[in-house]
Amino acid sequence: MSAPVPHIEVQDLTMAYGDFVIQRDLNFTINRGDIFIIMGGSGCGKSTLLRHLVGLKSPARGRVLYQGVDFWQTGDKQRRTLMQRIGVLYQSGALWSSMTLAENIALPLGEYTDLSEREIGEIVSLKLALVGLAGFEAYYPSEISGGMRKRAGLARAMALDPDVLFFDEPSAGLDPISARLLDELILELRDSLGATIVVVTHELASMFAIGNNSVFLDPETKTQIAGGNPVTLLNESADPRVIRFLTRGERTAEERR
Amino acid sequence: MPTDPEISSQAAAAELKIDDLQGPLIRFSGNWESSGRLPAVDALVRQFPDRAAGELRFDSSAIAAWDSLFVTWILRLTEALQTRGIGVAYDGLPEGVQGLIALARAVPERKGARRISETEGWLTRIGRRVQGLLDDTRRLLAFLGEVSLAFARMLTGRARFRRSDLALFIQQTGVDALPIVSLISVLVGLILAFIGALQLALFGAQVYIANLVGIAMVREMGAMMAAIIMAGRTGAAFSAQLGTMQVNEEIDAFKTLGIDPVEFLVLPRLLALTLMMPLLCIYADLLGIVGGMLVGIGLFDISPTQYIEQTVSAVTLTDIGVGMVKSVVFGLLIALAGCMKGIQCGRSASAVGEAATSAVVAAIVAIVVSDAIMTLIANALGV
C-alpha cells in the first residue's frame with residue numbers, strides 16, 4: 001500500500017451542547033481508504049462526533065478538515081459540494097417513508113446530476129442489487145424488514161458515489177449473520193469504490209474484522225484515550241479502560257495473555 | 001470507431017475492434033463519469049457482426065475515471081449482447097468495476113419480489129371501494145364498542161388512566177384554547193351584527209341586532225365555532241399524538257403490558273374535551289355577544305343598557321341549553337374522530353399526516369351533520 005493520504009482531519013475538536021461539554025480536544029486523522037472505527041461506551045458522544053463529521057452540527061471549538069478544507073470556515077457553496085461527497089447510513093435507515101425505495105435512491109440523483117430518467121433507473125437498480133435488494137424498487141420502507149431497511153439506507157447513502165461513507169451503528173438490530181454480511185459488504189465497497197469508511201459501533205466482532213484505524217472516546221475524562229488499529233489496541237494497549245471495553249470487561253491488561 | 005462525432009480526447013469513448021481470431025474487443029478511453037456524456041449502447045451493439053466470434057473482451061487501460069454510471073453502462077451492454085447470443089468477459093475492466101458487478105450479482109433477485117403494476121377493471125375498483133367502506137364501518141363500530149366498554153369500566157371505577165393525564169388534557173383543551181376562541185367568537189359576533197344591522201336598518205329596527213346576535217350565538221354559532229376551532233386544534237393534536245405513538249410501537253407496549261390503550265389514552269382525552277366543550281361554548285357565546293355589542297354601540301347608536309336589556313329578554317335558558325347540548329355532542333365527536341384516526345394510524349411518517357388530516361375532516365363533517373340533525377330535532381320538539 002502506498003503512503004497514507006489524509007482524508008479527514010480532526011483538530012482540537014471540542015463538542016458541546018450549550019455549556020455541556022461532550023468531548024474535548026479530539027485530534028485524529030482519517031486516511032483515504034481507511035475503515036475508521038469510532039468506539040467508546042454508551043453515552044460517550046460517538047453519535048455526536050459523527051454528527052460533527054458529516055456537518056450536521058458545528059464544533060464548539062476546533063476544526064474538521066476535509067482534504068485540507070475546513071468544513072465550517074469555507075463558504076456555503078463549497079460546504080454543499082463537500083456534503084454531496086458524503087454518504088451517511090443512519091441507525092435505522094432513515095428512509096423517507098412516503099417514497100418507494102427507488103424514489104428514495106433516485107432523489108439525490110435527480111437533484112445533483114443531469115442523468116436521464118432511464119440512467120437514474122439503472123443506477124437505482126444497480127445500487128439495490130449491490131446491497132442484495134434487487135427487485136425491491138417499488139416497495140415502501142414500511143413494507144420491508146429492519147435489516148432490509150438498513151441495506152436500502154446504505155443503497156441511498158451510496159447513490160452519489162460518495163468519497164466517504166459514514167455508518168451509525170450498522171450492525172445494531174441485525175442478526176449475527178446479517179451483521180457479518182454487512183461487514184463484508186462494507187469491505188467489498190471500500191475496495192470497489194475506493195471510498196473512505198467511518199463506522200460508529202460497539203460491536204466488537206465487526207470492529208476487529210473490518211477496522212484498520214480507530215479512536216476511543218472515554219465518557220469520564222471526556223476525551224480520546226486511545227486510537228489506532230483495533231487489533232493492535234487489544235494486544236498492546238496498557239490502558240485498563242480500553243482493555244476492559246475490548247474484552248467485554250472479561251479481562252484486564254495484566255491477564256491479557 | 002467513436003459513436004459520438006464531437007468526441008474530444010477527454011470525453012468517454014468506446015472503440016470496438018472485431019478480430020476474427022480473438023473475438024470482439026472494446027477499448028475504453030477518456031472520462032466515464034456521470035458528469036459527461038457516454039456513448040450510446042444501441043449504436044455500439046449494432047456494429048457487432050451477426051455471427052458472433054467468441055466472447056467480448058474489454059481493454060480499460062486508457063480509462064481516466066469512472067463511477068456507477070459506467071457499471072450500469074456495462075450491464076446494459078451485457079444485456080443487449082446476450083439477446084444476440086454474445087458472451088462477455090469482464091476481466092479487462094477496472095478491478096473496482098469487476099468487484100461491483102460481482103457484488104450486484106451475488107444475491108439473485110428474489111422470486112416474486114418485483115411488482116408488476118396491473119390496471120384493474122372498473123368493476124374490481126368499485127368492489128374494492130365498497131369493501132374498503134365496509135372495513136371502515138367495521139373499524140368504526142369496533143372502536144365505538146371499545147370506547148363504550150372502557151367508559152362502562154370507568155363508571156364502575158375499574159378504568160386505568162392517570163389522573164394527571166386527565167388534568168393535563170383539561171388544561172390543553174380548556175384554558176389553553178381560550179385566546180383563539182376569544183378572537184374567533186368576538187369576530188363572529190361582530191360579523192353577525194354587521195350583516196344583520198345593515199338589513200334591520202332598512203326597517204329602522206337596529207335594536208334587534210341584540211336579539212339576532214344573542215340567539216344566533218347562543219343556539220348555534222358559539223357551539224359551532226368553538227367546535228370547529230377545537231377540531232383543528234385538539235382533534236388534529238390527538239390523532240398526531242396517538243399516531244406517533246403507534247409508529248413508535250408505544251401503543252403495542254401498552255397492549256403487551258395488559259393495559260388497554262383505549263382506556264389509558266383515549267378515555268382521558270375524550271373526557272377532557274367533552275367536559276371542556278360546553279364551558280368553551282358558554283365563553284364563546286358571551287364573547288360573541290360582546291362582539292355584537294361593539295358594533296351595536298359603536299356604529300348604530302344603541303346604548304349599552306339597551307343592548308343588554310334586549311339580549312336578556314331575547315335569549316332564554318332553553319336557547320342556552322340547546323347550545324350546550326350541541327357542544328357536548330361536538331366535543332364527543334371531535335375527540336372520537338381524533339383518537340380513532342390516531343389509534344388506527346399506519347406505521348410511517350406520512351400515515352401520521354394522513355391521520356391528522358382525516359381526523360380534522362371527519363370531525364368537521366360530523367359536527368355539521370350532527371348540528372343539522374339536532375336542529376331538526378329541536379325544531380320538531382319546539383324548543
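Reference entry: report on the structure contained in this document. Note that the coordinates shown come from a computational prediction; the quantities given were computed from them, not determined experimentally.

## Some thoughts on the overall build of chain B
Counting secondary structure elements, chain B contains 12 helices and 3 strands. Taking all 383 residues of chain B together, the buried fraction comes to 43%. Carbon and sulfur atoms make up 63% of the accessible area of chain B, which amounts to about 20,300 Å² in all. Across chain B, the 30 positively charged side chains and the 34 negatively charged ones have centroids separated by 6 Å.

## Some points on the layout of surface pockets
To find the voids left in a structure, one rolls a probe of water-molecule size over its atoms. The computed volume of the largest pocket comes to approximately 590 Å³. S92, P141 and R149 of chain A together with V247 and R347 of chain B are the residues nearest the centre of the largest pocket, which is lined by 20 residues in total. The leading source of residues in the lining of the largest pocket is helix α5 (residues 146-157) of chain A, at 4 residues. The class makeup of the residues in the lining of the largest pocket is 7 nonpolar, 9 polar and 4 charged.

## Some remarks on a nonpolar patch on the surface
A surface patch of nonpolar side chains, amounting to about 630 Å² of accessible area, comprises V361, V365, V369, I373, I377, L381 and V383 of chain B. Its place among the elements puts L381 of chain B in helix α12 (residues 349-381).

## Describing the pattern of salt bridges
In this structure the tally under the stated criterion is 21 salt bridges over all chains. D218 of chain A is the salt-bridge partner of R241 of chain A, the closest N and O atoms lying 3.2 Å from each other. Of this pair, R241 of chain A sits in helix α9 (residues 240-246) while D218 of chain A sits in strand β9 (residues 213-218), and the two are 23 residues apart along the sequence. A salt bridge links R241 of chain A to D239 of chain A, with the nearest nitrogen and oxygen atoms 3.0 Å apart. Through salt bridges with shared partners, one network takes in R118 and E122 of chain A together with R76 of chain B.

## Brief notes about the packing of aromatic side chains
Applying the stated criterion across every chain, the model contains 13 aromatic pairs over all chains. Look at F136 of chain A and Y139 of chain A: their rings are 4.9 Å apart centre to centre, the planes differ by 55°, and that puts the pair in the tilted class. Across this residue pair, the class does not change: F136 of chain A and Y139 of chain A are buried. By the ring-pair criterion, three or more aromatic residues cluster together here, those being F28, W32, F58, F70 and W73 of chain B. Here R163 of chain B stacks its cationic end above the ring of F161 of chain B, 5.2 Å away from the centre of that ring.

## Quick notes on the sheet that holds strand β2 (residues 20-31) of chain A
Residues and elements named next belong to chain A. The antiparallel open sheet is built from 4 strands, whose spatial order is β2-β1-β4-β5. Only two strands of the sheet have a single neighbouring strand rather than two, namely β2 and β5 (69-70). Note: strand β1 (residues 6-17) against β2, 8 bridges, orientation antiparallel. Along β2, the bridge assignment pairs M15 with Q23. Running at roughly 120° to β1, helix α1 (residues 46-53) makes contact with β1, β2 and β4 (61-66) of the sheet.

## Thoughts on the interface of chain B and chain A
In this assembly, 25 residues from chain B lie in contact with 27 residues from chain A. Of the roughly 2,300 Å² buried at the junction of chain B and chain A (both faces included), carbon and sulfur atoms supply 62%. Of all residues in chain B, R76, L103 and R115 of chain B bury the most surface against chain A, accounting for 26% of the area lost on that side. Applying the counting criterion to the chain B and chain A interface returns 1 salt bridge. Note that E122 of chain A is salt-bridged to R76 of chain B, the shortest N-O span being 2.7 Å. In terms of residue count, helix α2 (residues 68-82) of chain B provides more of the side of chain B that touches chain A than any other element does, 6 residues in total. Looking at the side of chain B that touches chain A residue by residue, the classes come out as 10 nonpolar, 8 polar and 7 charged.

Cut-off values and rules
- Residues numbered from 1 in each chain as written.
- Chains lettered and ligands numbered in written order.
- Predicted model: local features only at pLDDT ≥ 70, side-chain atom pairs only at ≥ 80, totals over all residues.
- Heavy atoms only, no water.
- Helix = DSSP H or I, 4+ residues; strand = E, 2+ residues; numbered from the N terminus.
- Buried < 20%, exposed > 50% of the residue type's maximum accessible area, 1.4 Å probe, protein only.
- Areas by Shrake-Rupley, 256 points an atom, 1.4 Å probe, with all protein chains shown as cover.
- Lys, Arg positive; Asp, Glu negative; His and termini not counted.
- Charge placed at Lys NZ, Arg CZ, Asp CG, Glu CD.
- 1 Å grid on protein atoms, 1.4 Å probe; cavity = no way out; pocket = protein on both sides within 12 Å on 5 of 7 lines; lining within 4 Å.
- Points joined across faces, edges and corners; volume = space filled by probe spheres on them.
- Nonpolar A, V, L, I, M, F, W, Y, C, P; charged D, E, K, R; others polar.
- Patch = residues over 30% accessible without salt bridge, like charges linked within 9 Å, V, L, I, M, F, W, Y side chains within 5 Å.
- Salt bridge = Lys/Arg side-chain N within 4 Å of Asp/Glu carboxyl O.
- Phe/Tyr/Trp six-rings, centres within 6.5 Å; stacked < 30°, edge-to-face > 60°.
- Lys NZ or Arg CZ within 6 Å of the ring centre and 35° of its normal.
- Pairing = 2+ DSSP bridges.
- Contact = heavy atoms within 4.5 Å.
- Axes fitted to C-alpha atoms, helices over the stretch in contact; angles between N-to-C directions.
- Buried area = accessible area lost by both parts, 1.4 Å probe.

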